[in-house]
Amino acid sequence: MKKSPQSNHPKNRKSINIFLSLVVLVLSFLLYIYFSHIIYDATKDRLVKKDVKVVKNFQIDCLDNGYLPFVNDCSPQFKQCGRAIIDGLVSEEEISQLITLANTGMVLGGGSGGPTILDLHSGALSYGSQFINVYDSVIAAGTRFSPAHIKLYIDIVQRVKDQVVKYFPHLQKNSNLIQLSGPTFFARIDAAQKAKTVHDEYWHPHNDTVAYPSFCFTGLLYLTTYEKDFEGGRFVFTKRNYEQSDDGPMFVDDLVVEPKIGRLLIFSSGGENEHYVEKVTSGKRFVLTIAFTCDPKKYMDPKTLLSKI
């Protein structure tokens, strides 16, 4: 059978090729958009859509003797330390629910010198320059924590742990070795209140393993946004380190992290990640600190919170 002269015309073949190329391009773009919004949630064994974005991911050499007791395949050593900034793991609606959860307790207390702390696990709530038991206060006030909010909190703790395991690959050999530890707490800094004691002075450089010896990995989930909800209050790493690039290691100066709603900062807790928080000059800064340990004696099960409410 003879081919149609019209279909063999060079101009027609060129038009067909252009059309097919456009179809392939559009389909590729749509597939990219779809799959870039999907991550695997190992805790629920299913695919979930989340707009998760890694802002920064640094590998850092560990400092010696920062993690005691040392646990093989868990405690970071040599080149297993680091830090990562991740956006989108927790939605703004979920952040709003976390703030409601924290405020349910904080409204019954409040620090007198700027920071207010609420640790749901120990029950510690700032009250003036001291601490009271938030669960006793909730009963006395005739209120209660929402079970739905507590369940969300437990789920978010697991999500953060999954990110720690992801960005510290040596933990993937046995992720059960790393567990939640204390103190894990909400912290609100009110710029309108001036520091009353040394414990209110949050702006001094420190490393978490000195302040909290059980810490091996620290997670900070920000509940408010820099330059929108507060001024000052940025998180600053003091150690000069390097990040990997296509051209090899590139040295960077102090890494400044600007808090924003839903942003997660995770890092190994030793001296390699010494840090401080700038003074909050206006507004209120809100963050959830989530600690993880390799020490079995310091493990905490977040699900026990359900029995406290």
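Criteria and cut-off values
Residues numbered from 1 in each chain as written. Predicted model: local features only at pLDDT ≥ 70, side-chain atom pairs only at ≥ 80, totals over all residues. Heavy atoms only, no water. Helix = DSSP H or I, 4+ residues; strand = E, 2+ residues; numbered from the N terminus. Buried < 20%, exposed > 50% of the residue type's maximum accessible area, 1.4 Å probe, protein only. Contact = heavy atoms within 4.5 Å. Areas by Shrake-Rupley, 256 points an atom, 1.4 Å probe, with all protein chains shown as cover. pLDDT = per-residue confidence, 0-100. Disulfide = S-S within 2.5 Å. Pairing = 2+ DSSP bridges. Axes fitted to C-alpha atoms, helices over the stretch in contact; angles between N-to-C directions. Parallel < 35°, antiparallel > 145°, perpendicular 65-115°, else oblique. Left-handed = near helix turned anticlockwise from the far one by under 90°. Nonpolar A, V, L, I, M, F, W, Y, C, P; charged D, E, K, R; others polar. 1 Å grid on protein atoms, 1.4 Å probe; cavity = no way out; pocket = protein on both sides within 12 Å on 5 of 7 lines; lining within 4 Å. Points joined across faces, edges and corners; volume = space filled by probe spheres on them. Phe/Tyr/Trp six-rings, centres within 6.5 Å; stacked < 30°, edge-to-face > 60°.

### Topic: the overall build of the protein chain
Within the protein chain, the regular secondary structure consists of 5 helices and 18 strands. Burial status across the protein chain gives 45% buried among its 309 residues. Looking at the protein chain alone, contacts between residues at least 24 apart form 76% of all its contacts between residues at least 6 apart. With the model as given, the accessible surface of the protein chain reaches about 16700 Å², and the carbon-plus-sulfur share is 55%.

### With respect to the confidence of the model for the protein chain
On average, the protein chain scores 85 in pLDDT, and the residues at 70 or more come to 78%. Here residues 1–7 is a poorly scored stretch, pLDDT under 50, and it has 4 contacts once near neighbours within four places are set aside; other chains count.

### Some points on the state of the cysteines
Counted under the stated rule, the structure contains 2 disulfides. Linked covalently through their sulfurs, Cys 74 and Cys 294 form a disulfide whose S-S length is 2.1 Å. Disulfide Cys 74-Cys 294: torsion about the S-S bond near -80 degrees, hence left-handed. Of this pair, Cys 74 sits in the loop between β3 (53–60) and β4 (81–87) while Cys 294 sits in the segment after β18 (280–293), and the two are 220 residues apart along the sequence.

### Remarks on the sheet that holds strand β12 (residues 235–237)
Taken together, the 3 strands give an open sheet; going across it, the order is β15-β12-β17, and neighbouring strands pair in antiparallel fashion. Every other strand in the sheet has two partners, leaving β15 (256–257) and β17 (275–277) as the edge strands with one partner each. When β12 meets β17, the two strands line up antiparallel, connected through 3 bridges. Across the sheet, Phe 237 pairs through a bridge with His 275, a residue of β17.

### Some remarks on the packing of helix α2 (residues 92–106) against helix α4 (residues 147–167)
One can describe the packing of α2 onto α4 by two numbers: an axis separation of 10 Å at closest approach and a directional angle of 120 degrees. Compared by their axis directions, α2 and α4 come out oblique. Crossing angle aside, the handedness with which α2 passes α4 is left-handed. On α4, the residues touching Glu 94, Gln 97, Leu 98, Thr 100 and Leu 101 of α2 are His 149, Ile 150, Leu 152, Tyr 153, Ile 156 and Arg 159. Along the lines of polarity and charge, the residues of the contact of α2 with α4 split into 6 nonpolar, 3 polar and 2 charged.

### Considerations on empty space enclosed by the protein
This model, assessed by the stated rule, comprises 1 cavity of 30 Å³ or more. If you add up the space inside the largest cavity, you get close to 50 Å³. As for the largest cavity, its lining consists of Gly 66, Tyr 67, Leu 68, Pro 69, Thr 209, Pro 213, Ser 214, Phe 215, Cys 216, Thr 293 and Asp 295. Per-class residue counts for the lining of the largest cavity are 6 nonpolar, 4 polar and 1 charged.

### A word on the pairing of strand β7 (residues 124–128)
Within a regular strand, the side chains alternate between the two sheet faces. The pairing of strand β5 (residues 110–111) with β7 spans 2 bridges and is parallel. What sits directly across from Gly 111, in β7, is Gly 128. With 4 bridges connecting them, β7 and strand β8 (residues 130–133) associate as antiparallel partners. When the sheet's bridge partners are listed, Ala 124 is paired in β8 with Asn 133. A loop of 1 residue connects β7 with β8, the two strands running antiparallel in sequence.

### Some thoughts on the packing of aromatic side chains
Counting across every chain of the model gives 9 aromatic pairs. For the ring pair Tyr 135 and Phe 145, a centre distance of 5.8 Å and an interplane angle of 65 degrees mean the geometry is edge-to-face. Note that Tyr 135 is positioned in helix α3 (residues 134–141) and Phe 145 in the loop between α3 and α4, a separation of 10 residues in sequence. Owing to a relative accessible area of 12%, Tyr 135 belongs among the buried residues under this scheme. Ring geometry for Phe 168 and Phe 217: centres 4.8 Å apart, planes at 55 degrees, overall tilted. Remark: Phe 217 occurs in strand β10 (residues 217–222) and Phe 168 occurs in the loop between α4 and β9 (179–190); sequence separation between them is 49 residues. The rings of Phe 235, Phe 237 and Phe 267 are connected pair by pair, giving a single aromatic cluster.

### Let's talk about the layout of surface pockets
Roughly 1100 Å³ of internal volume is contained in the largest pocket. As for the largest pocket, its lining consists of 42 residues, of which Ile 117, Phe 185, His 199, Tyr 202 and Tyr 212 are closest to the centre. If you list the elements that add at least two residues to the lining of the largest pocket, you get β6 (115–118), β7, β8, β9, α5 (208–211), β10, β17 and β18.

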